[in-house]
Amino acid sequence: ARSVVDDAVAFGHALSLGLVLVVAACPVALLVGDIEAAQRFVDMLLSTSTIHAIDLYHTEGSCFSGAVLVRGGKPLEGRALLLRAMNGPPYMESDLHRVEMLIELAQAFACTGDFQQGIDVLDEALAASARREERWCMAELLRMKAEMLLGMDASGPESYAEELLQQSLDWARRQGA
């Protein structure tokens, strides 16, 4: 991802750089947990999108910025930024990173103990994943939902959480994960 960013910077084309940051650098840095790199890439994306007035890239950058805040221990700030970015134009249901950003948003709710809201967001992510046939994250979505159910002070979620964890394991095994 870093190499592709370096190539795009050397090429000097804002649309190409933004695309590389949106589809490769920012998501890869988050997936591997490199928050420093993610922040650098997000800053680059926000700067490029502002200078060149590329609204969609700016919205994507705001989403990734929210995810970095959540992962960096600022879930309230991250959640607020994610909600603003995901609910305003030009962010749309068909967005490339919708499911990933729903995962980040659910994590923000979990970090602040708002498990029911996190579960609602995960249900939206599960529905979007099924609708869009994005099965790559099913195991993680199901695991997160089970953990949030167990985090609630409700009686009797254990059996449903166990069922979700079993489904998560089944998905992971089918995918060789």
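Residues numbered from 1 in each chain as written. Predicted model: local features only at pLDDT ≥ 70, side-chain atom pairs only at ≥ 80, totals over all residues. Heavy atoms only, no water.

Student: So, the environment of Leu 45: which residues are in play, and what are the values?
Tutor: The residue Leu 45 is located in helix α3 (residues 35-51) in this model. Linking Leu 45 and Leu 141, residues 96 residues apart in sequence, is a C-alpha distance of 27 Å. If we ignore the near neighbours within four places in the chain, the residues touching Leu 45 are Gly 18, Leu 21, Val 22, Cys 26, Tyr 57, Glu 60, Gly 61 and Phe 64. (Helix = DSSP H or I, 4+ residues; strand = E, 2+ residues; numbered from the N terminus. Contact = heavy atoms within 4.5 Å.)

Student: Which residues make up a nonpolar patch on the surface, and what values go with them?
Tutor: The grouping of Leu 19, Val 23 and Leu 96 at the surface amounts to a nonpolar patch, some 260 Å² of accessible area in total. Position of Leu 19 among the secondary structure elements: in helix α2 (residues 14-31). Residue Leu 19 is classed as partly exposed on the basis of its relative accessible area, which comes to 44%. (Patch = residues over 30% accessible without salt bridge, like charges linked within 9 Å, V, L, I, M, F, W, Y side chains within 5 Å. Areas by Shrake-Rupley, 256 points an atom, 1.4 Å probe, with all protein chains shown as cover. Salt bridge = Lys/Arg side-chain N within 4 Å of Asp/Glu carboxyl O. Buried < 20%, exposed > 50% of the residue type's maximum accessible area, 1.4 Å probe, protein only.)

Student: Requested: an account of the state of the cysteines, with residues and values cited.
Tutor: Tallying each qualifying case throughout the model produces 0 disulfides. Between Cys 63, a free cysteine, and Cys 26, which holds the nearest cysteine sulfur, the sulfur-to-sulfur gap is 11 Å. Cys 63 sits in the buried class, given a relative accessible area of 0%. (Disulfide = S-S within 2.5 Å.)

Student: Can you break down the pattern of salt bridges residue by residue, with the values?
Tutor: Any two side chains of opposite charge can pair, on the condition that their charged atoms come close. The final tally for this structure, using the stated rule, is 8 salt bridges. Salt-bridge contacts for Glu 140 lead to Arg 143; the nearest nitrogen and oxygen are separated by 2.5 Å. Highlighted residues: Glu 140 and Arg 143, both in helix α8 (residues 138-151), separated by 3 residues, approximately one helical turn. A residue is classified by how much of its surface remains accessible, and Glu 140, at 34% relative accessible area, is partly exposed. Connected via shared salt-bridge partners are Glu 140, Arg 143 and Glu 147.

Student: Mind laying out unusual backbone geometry, listing which residues take part and the relevant values?
Tutor: Unusually for a residue other than glycine, Ala 53 sits at a positive phi of about 50°. Mapped onto the secondary structure, Ala 53 falls in the loop between α3 and α4 (55-71). Of note in this structure, Glu 133 is not a glycine but carries a positive phi near 55°. Among the structural elements, Glu 133 can be located in the loop between α7 (115-131) and α8. A relative accessible area of 65% places Glu 133 in the exposed class.

Student: Can you explain the packing of helix α6 (residues 98-111) against α8? Please cite residues and give values.
Tutor: At a minimum axis distance of 11 Å, the contact between α6 and α8 shows a crossing angle of 15°. When the axis of α6 is compared with that of α8, the two are roughly parallel. For the pair α6 and α8, the crossing hand works out as left-handed. In this structure, α6 contributes Val 99, Ile 103, Ala 106, Gln 107 and Ala 110 to the contact, and α8 contributes Leu 141, Met 144 and Met 148. Split by residue class, the contact of α6 with α8 holds 7 nonpolar, 1 polar and no charged. (Axes fitted to C-alpha atoms, helices over the stretch in contact; angles between N-to-C directions. Parallel < 35°, antiparallel > 145°, perpendicular 65-115°, else oblique. Left-handed = near helix turned anticlockwise from the far one by under 90°. Nonpolar A, V, L, I, M, F, W, Y, C, P; charged D, E, K, R; others polar.)

So, to be careful, I would describe these as geometric facts and stop short of saying anything about function.
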